[in-house]
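Summary of the model geometry
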Amino acid sequence: MKIAIASGKGGTGKTSVALNLAVSASVDTVLDCDVEAPNLHIFFKPHWNLEETVFVKTPAIDSSKCDLCGKCVEFCNYNALAKLRDKVIFFSHLCHSCGGCSIVCDRGAISEVDRPIGILRYARVGDMDFWEGRLNYGESLAPVVISALKEKAEDGTIVIDSPPGNTCPMVEAVIDSDFAILVTEPTPFGFSDLKLAVGVVRKLGIPFGVVINKHGLGDDRVERYCKDEGIDILMRIPYSMRLASAYARGETWVELFPEMRGKFLGLFEAVRKRCLKR
Ligand code: SF4
Ligand code: SF4
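The paragraphs below set out a description of the structure included in this document. A quick note: this is a predicted structure, and the numbers were derived from the prediction, not measured. (Residues numbered from 1 in each chain as written. Chains lettered and ligands numbered in written order. Predicted model: local features only at pLDDT ≥ 70, side-chain atom pairs only at ≥ 80, totals over all residues. Heavy atoms only, no water.)

A count of helical and extended segments in the chain gives 11 helices and 11 strands. Each principal axis of the C-alpha atoms in the chain carries an extent, and together these give about 70 × 45 × 35 Å. Long-range pairs, those at least 24 residues apart, make up 72% of the contacts in the chain between residues at least 6 apart in sequence. With an accessible surface of roughly 13,400 Å², the chain has 52% of that area assigned to carbon and sulfur atoms. (Helix = DSSP H or I, 4+ residues; strand = E, 2+ residues; numbered from the N terminus. Contact = heavy atoms within 4.5 Å. Areas by Shrake-Rupley, 256 points an atom, 1.4 Å probe, with all protein chains shown as cover.)

Next up on the list: the sheet that holds strand E2 (residues 29–32). One open sheet holds the nine strands; their spatial order is E3-E6-E7-E2-E8-E1-E9-E10-E11, and the pairing between them is mixed. Strands with a single pairing partner mark the edges of an open sheet, and in this sheet they are strand E3 (50–61) and strand E11 (233–238). When strand polarity is set aside, the average angle formed by the axes of neighbouring strands in this sheet is 20 degrees. For strand E9 (residues 179–184) and strand E10 (residues 208–215), the ladder comprises five bridges, and the chain directions are parallel. The residue bridging Val183 from the neighbouring strand is Val211, located in E10. Each of E9, E10 and E11 touches helix H8 (residues 221–229); the most contacted strand, E10, lies at about 165 degrees to it. (Pairing = 2+ DSSP bridges. Axes fitted to C-alpha atoms, helices over the stretch in contact; angles between N-to-C directions.)

With respect to spatial proximity, the complete set of residues near ligand 2 consists of Cys66, Asp67, Leu68, Cys69, Gly70, Lys71, Cys72, Val88, Cys105, Arg107, Ala109 and Ile110. Counted by class, the shell around ligand 2 contains eight nonpolar, one polar and three charged residues. (Near = heavy atom within 4 Å. Nonpolar A, V, L, I, M, F, W, Y, C, P; charged D, E, K, R; others polar.)

Further remarks concern the nonpolar core. Core analysis: the largest hydrophobic core is formed by 40 residues, its most contacted members being Leu31, Leu182 and Leu194. When residues of this core are assigned to their parent elements, the largest contribution, six residues, is made by helix H7 (residues 188–204). Ranked by size, the runner-up nonpolar core spans 38 residues in total, among them Leu234, Met235, Met260 and Phe268. (Core = buried A, V, L, I, M, F, W, Y, C linked by side-chain atoms within 4.5 Å. Buried < 20%, exposed > 50% of the residue type's maximum accessible area, 1.4 Å probe, protein only.)

Next up on the list: the pairing of E2. Working note: regular strand, side chains alternate between the two faces of the sheet. Neither face of E2 is exposed, since Thr29 and Leu31 on one face and Val30 and Asp32 on the opposite face are all buried. Summarising the sheet, E2 and strand E7 (residues 128–135) pair through four bridges and their orientation is parallel. Among the inter-strand pairings, Leu31 is bridged to a residue of E7, identified as Trp131. Relative to strand E8 (residues 158–161), E2 is paired through four bridges, and the arrangement is parallel. Counted as the bridge partner of Asp32 is Asp161 from E8.

Another aspect to go through is the layout of surface pockets. Approximately 360 Å³ is the volume found for the largest pocket. Of all elements in the fold, only helix H1 (14–25), E10 and helix H9 (241–248) reach the threshold of two or more residues within the lining of the largest pocket. Take the lining of the largest pocket: its biggest share by element is four residues, from H9. (1 Å grid on protein atoms, 1.4 Å probe; cavity = no way out; pocket = protein on both sides within 12 Å on 5 of 7 lines; lining within 4 Å. Points joined across faces, edges and corners; volume = space filled by probe spheres on them.)

With that settled, the discussion passes to H1. When the terminal C-alpha atoms of H1 are compared, their 16 Å separation across 12 residues agrees well with the 16 Å that a helix rising 1.5 Å per residue should span. Counting buried positions along H1 gives 12 out of 12 residues, so the element sits mostly inside the fold. Within H1 the residues assigned to the buried category are Lys14, Thr15, Ser16, Val17, Ala18, Leu19, Asn20, Leu21, Ala22, Val23, Ser24 and Ala25. Phi turns positive one or two residues past the end of H1, at Ser26, with a value near 45 degrees. (Expected span 1.5 Å × (residues − 1).)

Structure representation (structure tokens):
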């Protein structure tokens, strides 16, 4: 069972929900797919057992074979190639590794080489497998690192901490999940981003429910929206200084406050039942 924890924007408490759900339900694997800013490791404090590099295929141009026909430049949709007076130049950070330029080059001037774009790290944390993906600074291919990370866990109960937002990295993280928990807060920004996230998971056909973090803050627009749309609110986490302080200190709510463990177990059970019904 794969459970993705997503949110339309950063700072809504997505990582807290992923962390506390994983710890209270003793899941098999946790994947930190927030590859541009992974932060579950702050709470797990792992001793890394393994590190792997994620590569993409990148064109390498042999100028001695190139006759400057320009076919590769025309082909590249991402403007990663440009023809100068005497050579073709390549902008690696625009390349999407489609491999097309090496196919269209009749002169055999383009070969493909591996370029590192990120890393995957593994640690055993208690009874859980913990994997983290990390995109190299300045790289844009977050979905490639997320996809490589997701290949590390196929069986058992898996919690996926998705990247914030509603674009390609979030879609890559949640796409084959059995259930998505959308974490939001009862503020105008939270409400607006929740609606976008709901649109994405509905399009992907993934069953989902909502967790309202910082409940008591803001207004009741999120509650009214969920009621009108028939969306289940699975949990309300109160707006509380002691929870915010624990998070800031890198501490886990369910370990500090015993009553929270029961609430997160209730959340897990609610998700499990909905997955079984499918
Ligand atoms: S591999 Fe694809 S994206 Fe990269 S330079 Fe070649 S055509 Fe462009
Ligand atoms: S397609 Fe090949 S020969 Fe033509 S410009 Fe590109 S690298 Fe040079």
